[in-house]
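Residues per chain, in single letters:
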There are 2 protein chains.
Amino acid sequence: MNRPGLRERKKIETLHRLQEEALRLFDEQGYDATTIEQIAEAAGVSPSTFYRYFPVKEDVVVQDEYDPLIVDVFESQQEGTAPLEALRAVLTALFREFTDEDIERVRRRVRMIFSVPALRARQVGQSAATERLLAQMVAQRTGRSAEELEVRHFTALVVASWTVAISAWAETDGTKDDLAANLDKCLAHLEAGAPL
Amino acid sequence: MNRPGLRERKKIETLHRLQEEALRLFDEQGYDATTIEQIAEAAGVSPSTFYRYFPVKEDVVVQDEYDPLIVDVFESQQEGTAPLEALRAVLTALFREFTDEDIERVRRRVRMIFSVPALRARQVGQSAATERLLAQMVAQRTGRSAEELEVRHFTALVVASWTVAISAWAETDGTKDDLAANLDKCLAHLEAGAPL
DNA sequence: CGTAATTCTGATAGCTACTGTCAAATGACA
DNA sequence: TGTCATTTGACAGTAGCTATCAGAATTACG
């Protein structure tokens, strides 16, 4: 069987400890003023180890593992659903799983990402990957190519919409429901052609 | 009077030489493999000087000065124009000014930006500034606040739309008119609520 | 069990992006 | 031509990041 095992558990622990200590230090002293060495020491590991968990400094905040979940939820949607509707459902379902603690951690991370340009910059790289993923899935569903202009445009708009919804929410101290509401508002606005 | 003067002219020359040599070297050897020292030497200046012109390496490709032009064109639009229409006109007017040489340089730069993650990441920072600028202008026009969710959402979508239009165009060897056409297609798609 | 194989960690050396500082060089101007 | 302001180059230093390798911890297996 493939049980967790001590090694695996230790790795996850170290990962979380690095993320937590980093977030704490960034809050206390600022992102730039905090060195990898400090984070590593606070987490009780060597700088080498930090780089094994996070290829670049930014990733200690930015890295997440939502992409596979997104794919799962999307695929579990029934065939007929319109792409925008399907993607709305994906995010809704994703957030529903979150505990209150998760939500607070997301808020902290998002706030930091949007207040530190280097983090935001890195995050966009991740979003681009997610965007390509969405394009793939949407293309498959609608029998188009993921390279088509309309498909790429659609996914870019959806991701932009999400981003605004989430960042605006993170600035407040709203609840999980407020986040969902924000998301609905943005996607509805997009679907209406973004009238002003 | 405020004539150019030798000093000013030399500065502009140095700036352009740095940009050109950098682009050439990046093409030849790749972005990461090219050092500031190489660029500086190719342009006949010291590394110190490079950093005086470009705060970070990425800027030698990413930096541009369109923002003031965008503001000018937007403000010169008549009051009644709908925001989306006004922004479409802004880009159209902006591109109209470009010579064939300009267009080719833009294409090279855009291609490089979208093929080198570090450049793309930096570019997003710039786009964010432009986005805030648009939000300001649009807010003023429509008598809203630039912090309002709908306004931010609108501008984010427009910028995302532009970005797709331009990046898709840069992948081809289309003309200036093709770029304009792409832009129209994307904005129309956005205005229609991004149907698929 | 105990030993061998595998995986993870820490230490070290080194490269490059980037910052700060100061003296020398260069153009502006009277 | 001489003085002032600006630009430049040289130097030293910090930190992010890579590559490498020996030793330690965990796992697999006889």
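Residues numbered from 1 in each chain as written. Chains lettered and ligands numbered in written order. Predicted model: local features only at pLDDT ≥ 70, side-chain atom pairs only at ≥ 80, totals over all residues. Heavy atoms only, no water.

Draft legend 1. A look at the UniProt feature "DNA-binding region" (unreviewed entry) in chain A. The UniProt record annotates "DNA-binding region" (unreviewed entry) at residues 35-54 of chain A. When the span residues 35-54 of chain A is considered, its composition is 75% helix and 0% strand, and the gap between its end C-alpha atoms is 14 Å. (UniProt positions renumbered as here; feature names shortened; annotations may be inferred. Helix = DSSP H or I, 4+ residues; strand = E, 2+ residues; numbered from the N terminus.)

Draft legend 2. Focus on the environment of Phe 114 of chain A. All names here are of chain A. Note that Phe 114 resides in helix 7 (residues 100-115). Of the residues examined, Phe 114 reaches a relative accessible area of 36% and is grouped as partly exposed. Filtering out sequence-adjacent residues up to four positions away, Phe 114 remains in contact with Arg 120, Thr 163 and Ser 167. (Buried < 20%, exposed > 50% of the residue type's maximum accessible area, 1.4 Å probe, protein only. Contact = heavy atoms within 4.5 Å.)

Draft legend 3. Region of the structure containing the layout of surface pockets. Residues and elements named next belong to chain B. Approximately 420 Å³ is the volume attributed to the second largest pocket. For the second largest pocket, the lining is made up of 15 residues, of which His 16, Glu 65, Tyr 66, Asp 102 and Arg 105 are closest to its centre. Of all the secondary structure elements, the ones that give two or more residues to the lining of the second largest pocket are helix 1 (5-29), helix 5 (66-75) and helix 7 (100-115). With 5 residues, helix 1 is the single largest residue contributor to the lining of the second largest pocket. For the lining of the second largest pocket, a count of residues per class yields 6 nonpolar, 3 polar and 6 charged. The two domains that each donate at least three residues to the lining of the second largest pocket are domain 1 (1-56) and domain 2 (64-191). (1 Å grid on protein atoms, 1.4 Å probe; cavity = no way out; pocket = protein on both sides within 12 Å on 5 of 7 lines; lining within 4 Å. Points joined across faces, edges and corners; volume = space filled by probe spheres on them. Nonpolar A, V, L, I, M, F, W, Y, C, P; charged D, E, K, R; others polar. Domains from an automatic or database assignment.)

Draft legend 4. Quick peek at the protein's contact with DNA strand C. Around DNA strand C sit 20 residues, and of these Lys 11, Thr 49 and Arg 52 of chain A together with Lys 10 and Lys 57 of chain B come closest. Among atoms of DNA strand C positioned within 4 Å of the protein, sugar and phosphate together represent 63%. Within the side chain of Arg 7 of chain B, one N or O atom sits 3.1 Å away from a base oxygen of DNA strand C. Mapped by element, the contributors of at least two residues to the surface near DNA strand C are helix 1 (5-29) and helix 3 (47-53) of chain A together with helix 1 of chain B. Tallied by class, residues from the surface near DNA strand C come to 7 nonpolar, 6 polar and 7 charged. (Near = heavy atom within 4 Å. Polar contact = N/O pair within 3.5 Å; in protein donor to acceptor, adjacent residues only side chain to side chain.)

Draft legend 5. Up close: the nonpolar core. Ranked by internal contacts, the top residues of the largest apolar core, which has 70 residues, are Leu 87, Trp 162 and Leu 190 of chain A together with Leu 87, Trp 162 and Leu 190 of chain B. Setting aside residues no more than four positions away along its own chain, Trp 162 of chain A makes contact with Leu 87, Leu 91, Leu 134, Leu 183 and Leu 187 of chain A. (Core = buried A, V, L, I, M, F, W, Y, C linked by side-chain atoms within 4.5 Å.)

Draft legend 6. Representation of the side chain of Thr 163 of chain B. Mapped onto the elements, Thr 163 of chain B comes out in helix 9 (residues 149-171). On the accessibility criterion, Thr 163 of chain B (19% relative accessible area) is buried.

Draft legend 7. Molecular detail of the packing of aromatic side chains. All names here are of chain A. Scanning the entire structure with this criterion turns up 10 aromatic pairs over all chains. Summarising the aromatic geometry, the rings of Phe 95 and Phe 98 are spaced 5.7 Å apart at their centres and angled 80° between planes, so their arrangement reads as edge-to-face. In this structure, Phe 95 and Phe 98 share a single accessibility class: buried. An aromatic cluster is present here, built from Phe 50, Tyr 51 and Phe 54 joined pairwise through their rings. Sitting above the plane of the Tyr 31 ring, Lys 57 keeps its charged end 4.3 Å from the centroid. (Phe/Tyr/Trp six-rings, centres within 6.5 Å; stacked < 30°, edge-to-face > 60°. Lys NZ or Arg CZ within 6 Å of the ring centre and 35° of its normal.)

Draft legend 8. Here's a closer look at the interface of chain A and chain B. Listed by partner, the interface residues are 29 residues for chain A and 29 residues for chain B. Between chain A and chain B, a total of about 2,600 Å² is buried, with carbon and sulfur atoms accounting for 72% of that surface. Looking at the side of chain A facing chain B, the largest losses of area belong to Leu 149, His 153 and Leu 196 of chain A, adding up to 27% of the total buried there. Our count for the contact surface shared by chain A and chain B stands at 2 salt bridges. Arg 152 of chain B is paired through a salt bridge with Glu 171 of chain A; the nearest N and O atoms lie 3.1 Å apart. If you look at where chain A meets chain B, you find 10 residue pairs in polar contact (both at pLDDT 80 or more). When residues of the side of chain A that touches chain B are traced back to their parent elements, those giving at least two are helix 8 (117-142), helix 9 (149-171) and helix 10 (176-191) of chain A. By residue number, the principal contributor to the side of chain A that touches chain B is helix 9 of chain A, which donates 13 residues. The class makeup of the residues in the side of chain A that touches chain B is 17 nonpolar, 6 polar and 6 charged. (Buried area = accessible area lost by both parts, 1.4 Å probe. Salt bridge = Lys/Arg side-chain N within 4 Å of Asp/Glu carboxyl O.)

Draft legend 9. Layout of the protein's contact with DNA strand D. Taken together, the neighbourhood of DNA strand D is formed by 20 residues, with Leu 6, Lys 10 and Lys 57 of chain A together with Thr 49 and Arg 52 of chain B sitting nearest. Sugar and phosphate atoms constitute 58% of the interface atoms of DNA strand D, taking the interface as everything within 4 Å of the protein. Thr 34 of chain A is positioned such that a nitrogen or oxygen atom in its backbone is 3.5 Å from a phosphate oxygen of DNA strand D. Residue assignment for the surface near DNA strand D shows that the elements contributing at least two residues are helix 1 of chain A together with helix 1 and helix 3 (47-53) of chain B. Split into classes, the residues belonging to the surface near DNA strand D amount to 7 nonpolar, 6 polar and 7 charged.

Draft legend 10. Just the domain arrangement of chain A, in detail. All names here are of chain A. Assigned domains of chain A: these are domain 1 (1-56) and domain 2 (64-191). Using only C-alpha atoms to locate each centre, domain 1 and domain 2 end up separated by 26 Å. Contact with domain 1, which involves 7 residues of that partner, is made by 8 residues of domain 2. Of the roughly 680 Å² buried between domain 1 and domain 2, counting both surfaces, carbon and sulfur atoms make up 70%. On inspection of domain 1 and its partner domain 2, the count reaches 1 salt bridge. Counting across the interface, domain 1 meets domain 2 through 1 residue pair in polar contact (both at pLDDT 80 or more). The residue inventory of the side of domain 1 that touches domain 2, partitioned by class, reads 4 nonpolar, 1 polar and 2 charged.

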